Amino acid sequence: MAPPRTGDSERRGRHPDFGRLIRDENADTVLCHVCGRDFRSLGAHVRVHDMTAAEYREEFGLLRSRPLSAHSFVQEQSVARRSRYRNSTEMQGHLAAGRAMARSGELTRRRWNGADEDGPPDELRRIRRESLDAGRRTQTRGADERLAAALRAGGFSDLGQALRAVYVDGERSIEETAAVLAVGKNRLRRLLTDHGITVRPVGQNSDAGRRSRARRNDRAAAERVGAKDITVWLRRQVAEGATLRELATATGHSIPWVAARVGPR
């Protein structure tokens, strides 16, 4: 990278938007970081500051592919270039190789392979950061909307009431509470802590939690064998001569699990 120019810190102090192309959307112009005046295009203007367009982009942290022009000027130039391309067989031939490289992704690879060792320019870092922040805000907003919908569906007046009703009073597990409130388990733990609710240690089962897991296991086994009630189905199978081992294989559970539901014979 070229050494800083004389007066660089002074210019950035006057125009602090380093790493950002400053646009006036109403006037459809762009602002020069050096003198602060507005132009439709900076490409030719920056020569009065003894700079090329490439040097201007580098000095003020702008993308090398960034047009230094107002939107209308860029559109006009694009229309003119397309017109020349359509009317010139020679130009089409010259650009054929570049178009093939663009379609294959080779141009993108070359651009990144030839990037400065110091990393991407400031504008690209800013764009990436803003995109990431926007994505996080979207995810957070979506999660908040799902939680609010779950609270309404459960008839809860607020989040604190829901946490206490489901996790504390209902003695549901972290997994079950997270499912009821439509949140992730990690977020649920943070919410419990924020509301002053102690998270039960892993492996500490409540009676309600054990009963709930037992009901889930029974429903899963019933669905596996196509029955409405797994206990009724097991007892009927035993009466017809099925062994406990055969029923354990059919339901995907252990022999003691089957025996507990069949009961004394």
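Our subject in this report is the structure included herewith. Owing to the predicted nature of the structure, the values given are computational and were not obtained by experimental measurement. Every chain is numbered on its own, with residues counted from 1 as its sequence reads. It should be noted that, the model being predicted, local features are given only for residues of pLDDT at least 70 and side-chain atom pairs only at 80 or more, the latter also being counted only at that level, while totals for whole chains, interfaces and linings use all residues. Side-chain descriptors were evaluated using all non-hydrogen atoms of the structure, hydrogens and water having been removed beforehand.

A separate point is the pattern of salt bridges. Think of a salt bridge as a Lys or Arg side-chain nitrogen and an Asp or Glu carboxyl oxygen that are within 4 Å of each other. Applying the stated rule across the entire model yields three salt bridges. Where Glu176 meets Arg216, a salt bridge forms, and the shortest distance between an N and an O atom there is 2.4 Å. One end of the pair, Glu176, is in helix 8 (residues 174-181); the other, Arg216, is in helix 10 (residues 207-225), and 40 residues separate them in sequence. A salt bridge links Asp218 to Arg261; its shortest N-O distance comes to 2.8 Å. With Asp218 in helix 10 and Arg261 in helix 13 (residues 255-262), the pair connects residues that are 43 residues apart, well separated along the chain. For each residue, the accessible area found with a 1.4 Å probe, counting protein chains only, is set against the maximum for its type, and the residue is called buried under 20%, exposed over 50%, and partly exposed in between. Given a relative accessible area of 23%, Asp218 falls into the partly exposed group. Residue classification places Arg261 among the buried residues on the basis of a relative accessible area of 16%. Secondary structure follows DSSP: runs of H or I at least 4 residues long count as helices, runs of E at least 2 residues long count as strands, and numbering of each begins at the N terminus.

For the rest of this paragraph, the subject is the environment of Arg261. Each C-alpha atom, one on Arg261 and one on Leu234, is 7.5 Å from the other, the two residues being 27 residues apart in sequence. Should any heavy atoms of two residues lie within 4.5 Å, those residues are considered in contact. If we ignore the near neighbours within four places in the chain, the residues touching Arg261 are Asp218, Thr231, Leu234 and Arg235. By the criterion applied in these results, polar contacts are pairs of N or O atoms within 3.5 Å in which, for protein atoms, one can donate a hydrogen and the other can accept it, and in which residues neighboring in sequence qualify only through two side-chain atoms. A distance of 2.8 Å separates the side chain of Arg261 from the side chain of Asp218, its partner in a polar contact. Here the side chain of Arg261 touches Trp257 through a polar contact of 3.2 Å, landing on its backbone oxygen.

Let's shift gears to the sheet that holds strand 3 (residues 38-39). The criterion for strand pairing is that DSSP finds at least two bridges linking the strands in question. With antiparallel pairing, the three strands of this open sheet are ordered in space as 1-2-3. Of all strands in the sheet, those with a lone pairing partner are strand 1 (23-24) and strand 3, marking the two edges. With two bridges connecting them, strand 2 (residues 29-31) and strand 3 associate as antiparallel partners. Note that in strand 3 the partner of Leu31 across the bridge is Asp38.

This brings us to the state of the cysteines. Whenever a pair of cysteine sulfur atoms sits within 2.5 Å, that pair is classed as a disulfide. Per the stated rule, a full pass over the model turns up zero disulfides. Cys32 forms no disulfide, and the closest cysteine sulfur to it belongs to Cys35, at a distance of 3.7 Å. What makes Cys32 buried here is its relative accessible area of 0%.

A word on the packing of aromatic side chains. Here a pair means two rings of Phe, Tyr or Trp (six-membered ring of Trp) with centres within 6.5 Å. Their orientation is stacked below 30 degrees between planes, edge-to-face above 60, and tilted elsewhere. For the structure on display, the rule yields one aromatic pair. Ring geometry for Tyr56 against Phe60: centres 5.0 Å apart, planes inclined by 50°, an arrangement best described as tilted. With relative accessibility at 0%, the residue Tyr56 sits in the buried group. When its relative accessible area of 0% is taken as the criterion, Phe60 is described as buried. In this arrangement the basic side chain of Arg200 is found over the ring face of Tyr167, its NZ or CZ atom lying 4.1 Å from the centre. Charge-over-ring placement is defined geometrically: NZ (Lys) or CZ (Arg) within 6 Å of the ring centre, and within 35 degrees of the ring normal.

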